[in-house]
Amino acid sequence: MAMISAPIQVEADIVNGKKPGSLDVSGFQVFPIGHSKIFFIVHPSNPVTSLSEAQMKDIMAGTISNWKDVGGPDSPIAVFAERPGNGTRAVVESVFMQGLAISPKARLVPALAQVAKIVSQTPNAVGYGNSSSVNSSVTVAQGIEVKQPLALVSNGSPNDEMKKLIDAAAVVGAQL
């Protein structure tokens, strides 16, 4: 049993992209247990605190590269994101951006918690995080929220111990 934080096929595509044909998910069973929220964040000095989904998609994809194009100062946008293969990035690209990739010009960091830290230290920065990585040192862009699925996965039918874990996790997940 494993926990995943992106749709199973997205996770499989990531694994198979590194080693083609190595993961067949047809025998897996997925048990949704809740979700986490993904927020888009900007540097606290940024006057742009509300963006449409279309604007944020264009910023993350690199189509919009200057804050003046969304009502801010004439400054280049610095996009920060996790490295490809991380669960939150996979959800941003597959669910929010509907298959578009984050700009190849984005500055990459190894872990989600580092995105918020770097955005808080970099004027003109934008990135994303979840409730455990976003704090008062950044500003959450209003108008956009993405649900990141959380699920347990078993290879085949779960045994009795796994079923207990699934049931307990579902109760906790329902409270999130």
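Above this text you will find the structure in question.
Each chain has its residues counted from 1, running along the sequence as written. In keeping with the model being predicted, local features are shown solely for residues with a pLDDT of at least 70 and side-chain atom pairs are shown and tallied solely at 80 or more, while totals for entire chains, interfaces and linings include all residues. To get the side-chain values, all heavy atoms of the structure are used, and hydrogens and water are removed first.

1. A short note on the pairing of strand E3 (residues 78-82)
Argument step 1. Residue exposure (1.4 Å probe, protein chains only): buried if accessible area is under 20% of the type maximum, exposed if over 50%, otherwise partly exposed. Note on conventions: DSSP H or I runs of at least 4 residues are helices, E runs of at least 2 residues are strands, and numbering of each starts at the N terminus. Most of E3 sits inside the fold, with five of its five residues counted as buried.
Argument step 2. Here E3 shows no split at all, with Ala-78, Phe-80 and Glu-82 on one side and Val-79 and Ala-81 on the other all buried.
Argument step 3. Pairing between strands requires that DSSP locate at least two bridges from one strand to the other. Bridge analysis of E3 against strand E5 (residues 125-130) gives two bridges, and the strand direction is parallel. Looking across to E5, one finds that Ala-78 is bridged to Ala-125.

2. Looking at the packing of aromatic side chains
Argument step 1. To pair, rings of Phe, Tyr and Trp, with the six-membered ring standing in for Trp, must have centres within 6.5 Å; the planes then decide the type, stacked if under 30 degrees apart, edge-to-face if over 60, and tilted in the middle. Summed over the entire model, instances satisfying the criterion amount to two aromatic pairs.
Argument step 2. Between Phe-40 and Phe-96 the ring centres are 4.8 Å apart and the planes differ by 40 degrees, which places this aromatic pair in the tilted class. Placement of the pair is Phe-40 in strand E2 (residues 28-42) and Phe-96 in helix H3 (residues 87-96), with a sequence separation of 56 residues. Here Phe-40 matches Phe-96 in class, with each residue buried.
Argument step 3. Summarising the aromatic geometry, the rings of Phe-40 and Tyr-128 are spaced 6.5 Å apart at their centres and angled 70 degrees between planes, so their arrangement reads as edge-to-face. Taken together, the residues Phe-40 in strand E2 and Tyr-128 in strand E5 connect sequence positions 88 residues apart. As far as burial versus exposure is concerned, Phe-40 and Tyr-128 are alike and both buried.
Argument step 4. By way of ring pairs, the aromatic residues Phe-40, Phe-96 and Tyr-128 are connected into one cluster.
Argument step 5. Comment: the charge-over-ring label is applied if NZ (Lys) or CZ (Arg) is within 6 Å of the ring centre and within 35 degrees of the ring normal. Above the face of the Phe-96 ring, Lys-57 is positioned so that its terminal group lies 5.5 Å from the ring centre.

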